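Residues per chain, in single letters:
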Amino acid sequence: MTAVPDQDAARLTIAVPRGALFQETLGLLDALGVDTAELRSNDRKLLFEDIGVVTMRPSDVPTYVEHGSADLGITGKDVLLEQPEREVYELLDLGFGRCRMVVAAPAGADGLDESLRRLGTARIATKYPRIAMNWFMETGRQIEIVEVKGSVELAPLIGLVDGIVDLTATGKTLVENDLAEREQICESSARLIANPVSHKLKADTIDDLVERIRGAS
Amino acid sequence: MIHPIPPGTRDVLPDEMRELRAISEALRSTFEQHGYGEVWTPTLEYEEVLRTGDESAAGSSYRLFDEGGALLALRSDMTIPIARLIASRYADTRPPIRLCYVAHAYRAVVRGSGQPREFLQAGIELVGAPPPDGDVEVVAVALAALEQAGLRRYRLGIGDGSLYRALLESFEVPAAERLPLLEALARRDLVGLEVRLQRLGLAPDAERLLARLATLRGGPEVLDQVDGPLSGAVENLRRCYELLAERGLADRVIIDLGLVRDLGYYTGAVFEVYDPAVGFALGGGGRYDDLLGRFGRSLPACGIAFDLQRVHVAQTEEERLG
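Note that the coordinates shown come from a computational prediction; the quantities given were computed from them, not determined experimentally.

Criteria and cut-off values
Residues numbered from 1 in each chain as written. Chains lettered and ligands numbered in written order. Predicted model: local features only at pLDDT ≥ 70, side-chain atom pairs only at ≥ 80, totals over all residues. Helix = DSSP H or I, 4+ residues; strand = E, 2+ residues; numbered from the N terminus. Rg over C-alpha atoms; globule rule 2.2 N^0.38 Å. Contact = placed C-beta atoms within 7 Å. Domains from an automatic or database assignment. Nonpolar A, V, L, I, M, F, W, Y, C, P; charged D, E, K, R; others polar. Pairing = 2+ DSSP bridges. Axes fitted to C-alpha atoms, helices over the stretch in contact; angles between N-to-C directions. Parallel < 35°, antiparallel > 145°, perpendicular 65-115°, else oblique. Left-handed = near helix turned anticlockwise from the far one by under 90°. Buried ≥ 20, exposed ≤ 12 C-beta atoms within 10 Å, placed from the backbone. Arc of directions from axis to C-beta. Core = buried A, V, L, I, M, F, W, Y, C linked by C-beta atoms within 7 Å. pLDDT = per-residue confidence, 0-100.

A. Main features of the overall build of chain B. When helices and strands are counted, chain B shows eleven helices and twelve strands. For chain B, the C-alpha radius of gyration of 20 Å lies close to 20 Å, the compact-globule estimate for 322 residues. Projected onto the principal axes, the alpha-carbon positions of chain B cover approximately 65 × 55 × 50 Å. Considering only contacts in chain B between residues 6 or more positions apart, those separated by 24 or more positions represent 68%.

B. Examining the domain arrangement of chain A more closely. Residue and element names in this part refer to chain A. On domain assignment, one finds that chain A holds domain 1 (14-97 + 189-216) and domain 2 (99-187). The straight-line distance from the C-alpha centre of domain 1 to that of domain 2 is 30 Å. The interface of domain 1 with domain 2 comprises five residues on the first partner and eight residues on the second. When grouped by side-chain class, the residues that make up the side of domain 1 that touches domain 2 number one nonpolar, two polar and two charged.

C. Representation of the sheet that holds strand 11 (residues 283-287) of chain B. Residues and elements named next belong to chain B. A sheet is described by the order of its strands in space; here nine strands give the open sequence 1-5-6-12-11-10-7-9-8, paired in mixed fashion. Only two strands of the sheet have a single partner each, and these edge strands are strand 1 (37-38) and strand 8 (217-218). This element, helix 4 (residues 133-148), spans strand 6 (118-127), strand 7 (155-160), strand 10 (269-274), strand 11 and strand 12 (301-307) of the sheet and lies at about 20° to strand 12.

D. The arrangement of the sheet that holds strand 8 (residues 143-147) of chain A in detail. Residue and element names in this part refer to chain A. Judged by pairing direction, the sheet is mixed, and its five strands sit side by side in the order 8-7-9-6-10 without closing on themselves. For this open sheet the edge positions go to strand 8 and strand 10 (179-188), each flanked by a neighbour on one side alone. Taken over all neighbouring pairs, the strand axes of this sheet differ in orientation by 30° on average, direction set aside. As defined by bridge partners, strand 7 (residues 122-126) adjoins strand 8 across five bridges and the pair is classed as parallel. By the bridge assignment, Ala125 is partnered in strand 8 with Val146. With respect to the sheet, helix 6 (residues 129-138) is in contact with strand 6 (99-106), strand 7, strand 8, strand 9 (163-168) and strand 10, its orientation differing from that of strand 8 by roughly 170°.

E. Region of interest: the interface of chain A and chain B. Contact with chain A, which involves 23 residues of that partner, is made by 26 residues of chain B. Among the secondary structure elements, those contributing two or more residues to the side of chain A that touches chain B are strand 5 (89-93), helix 9 (196-201) and helix 10 (203-216) of chain A. Considering each element in turn, the side of chain A that touches chain B owes the most residues, five residues, to strand 5 of chain A. Grouping the constituent residues of the side of chain A that touches chain B by class yields eleven nonpolar, four polar and eight charged.

F. Structural view of the packing of helix 4 of chain B against helix 9 (residues 235-246) of chain B. All names here are of chain B. Interaxial distance between helix 4 and helix 9 falls to 9 Å at its minimum, and their mutual angle equals 45°. If you check the angle between helix 4 and helix 9, you find them oblique. In the packing of helix 4 onto helix 9, the handedness of the crossing is right-handed. Contact with helix 4, carried on its side by Asp135, Val136 and Val139, involves Cys240, Leu243 and Leu244 of helix 9 and no other residues of that element.

G. The arrangement of the domain arrangement of chain B in detail. All names here are of chain B. When cut into domains, chain B gives domain 1 (14-161 + 217-321) and domain 2 (162-215). Measuring from the centre of the C-alpha atoms in domain 1 to the corresponding centre in domain 2 gives 26 Å. Taken together, the 13 residues of domain 1 in the interface contact eleven residues of domain 2. Taken together, the residues of the side of domain 1 that touches domain 2 sort by class into five nonpolar, five polar and three charged.

H. Structural context of the pairing of strand 6 of chain A. Residue and element names in this part refer to chain A. As paired elements, strand 6 and strand 10 share eight bridges and run antiparallel to each other. In the strand pairing of strand 10, Ala105 is matched with Ala180. With five bridges connecting them, strand 6 and strand 9 associate as antiparallel partners. In the sheet register, Ala104 faces strand 9, and the bridge partner there is Ile164.

I. Region of the structure containing helix 7 (residues 190-200) of chain B. Turning to helix 7 of chain B, its buried residues are Leu190(B), Val191(B), Leu193(B) and Leu197(B). Looking straight down helix 7 of chain B, one finds its buried side chains confined to an arc of 160°; they lie on one side. Considering only its buried residues, helix 7 of chain B is in contact with strand 5 and strand 11 (190-194) of chain A together with helix 6 (175-186) and helix 8 (204-212) of chain B. Gly201(B) sits one or two residues past helix 7 of chain B and shows a positive phi near 65°.

J. Structural context of the nonpolar core. Counting residues in each nonpolar core, the largest one holds 125 residues, and the members touching the most others are Val65(A), Val139(B), Ala142(B), Ile158(B), Val273(B) and Leu282(B). Sequence-distant contacts of Ala142(B), defined by excluding residues within four places in its chain, comprise Leu156(B), Val273(B) and Ile304(B). Judged by nonpolar contacts, the second largest core, of 23 residues, contains Ile124(A), Ala155(A), Val161(A) and Ile185(A).

K. Focus on the packing of helix 1 (residues 14-33) of chain B against helix 4 of chain B. Residue and element names in this part refer to chain B. The interhelical angle for the contact between helix 1 and helix 4, taken along N-to-C directions, is 140°, at an axis separation of 8 Å. Crossing of helix 1 over helix 4 shows right-handed handedness. Between helix 1 and helix 4, the contacting residues are Ala26, Leu27, Thr30 and Phe31 on the first element and Val141, Ala144, Ala145 and Gln148 on the second. Looking at the contact of helix 1 with helix 4 residue by residue, the classes come out as six nonpolar, two polar and no charged.

L. Expanded view of the confidence of the model for chain A. Considering every residue of chain A, the mean pLDDT works out to 92; 97% of them sit at 70 or more. Mean pLDDT across the elements of chain A bottoms out in helix 5 (residues 111-118) of chain A (84) and peaks in strand 11 of chain A (98).

Next up, the structure:
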């Protein structure tokens, strides 16, 4: 365990996700009066100390916030559901980055259903093994999870799996890959999260920021 | 040649050991000065006995069979073993009973989370002292111990583990809805909590208080947020705060109405200790008035424990800052 950087109670460090939530997060920071010019222009730099921002992939945000390296963070509900053991406060639904976690399978004849019926199990590819496993367990079906890191849509097309569990916003990627949505597991959107110790020791600063975000949206 | 040890465990070598020993000695001697005698209890207990204290055996994660086939478990905290000890070894002793310990406990960890599965705790248990005086004594001893260990910037959050339950009852929230709300609060999922509360169709004032409670933390003014007929629910916190203020400890204390500790046995005051150098609580505890009764000696009790490694991180940072 390492000590978190020392800073005064009025200063916050925010973990900002690069990727799908990045642009709208920048918009939110603008609305809060943060100067995002350098953040927008330099996509290789990770630490922007003078404005209290660190950038990272969305799935790393809960890690940095849980350990207190960042006081606050912005990430998707999907990420929080996939990492339920993280001890962080979920303070606000920021409303942007809306999407849905779905089960999808090749369009046409329902191979997923047939595997479940005839083989008693199905193979599901996903980047979200825990959400997927929970969903099928809760609905009383046995599956095997195949964890992949990217382009999940490929897996059922060439026979690696029967179906996938993935996020979709518009459903366009699914359609372009001849996949059809079968079930919706949950909805997701961007959330503001906080480190529990920061939430106590920097209470006023954090409450003030939360109020300003509520006011801005 | 490198031989592995299980993830989440570690070897401690002399340089670190000297510092850890100095901290544990500072804590232990403070406890001892306040009348808390040190005890050891076995690392391994009968699983069934731990389960007497808490259905989940206090989250015990490591179980094994002994040579006779009996089911043993590694303790996951010291509070339950000490409750057993009080009932069996102090059955006739007049309360209050004051005990302290420096001991390892064991919990399962999620791979890659960087959390230890074997951790060293230093703590106290005060048995037979009702609230608010018992709560205040435990807090005061804990603060004195941190001071002795060289910490300067720590704060202690104090809440009431039964408050939210009591409020749900007084607002007549249907019994079936209460557990999901308490779980959301314990998970710190304030978004989920608000969504669930909105579905209940409570009076606007009630809904607002229940949604805001988790973020009501600060000085004594937060107690005024729970007013009118409900103010009895925070009466013990109010008294604790007054008594701590009399001892000159008010500026060390954060009143935190949203504080819930996830262990199942807390019945009143709950504590958590914070330091700006560490992203996790340095320690915590609370009041568990029902626990000893389960072991056959019904007495009110209260305790607190620190994670030595986290106190060590805070203390080295304190030294660095000079």
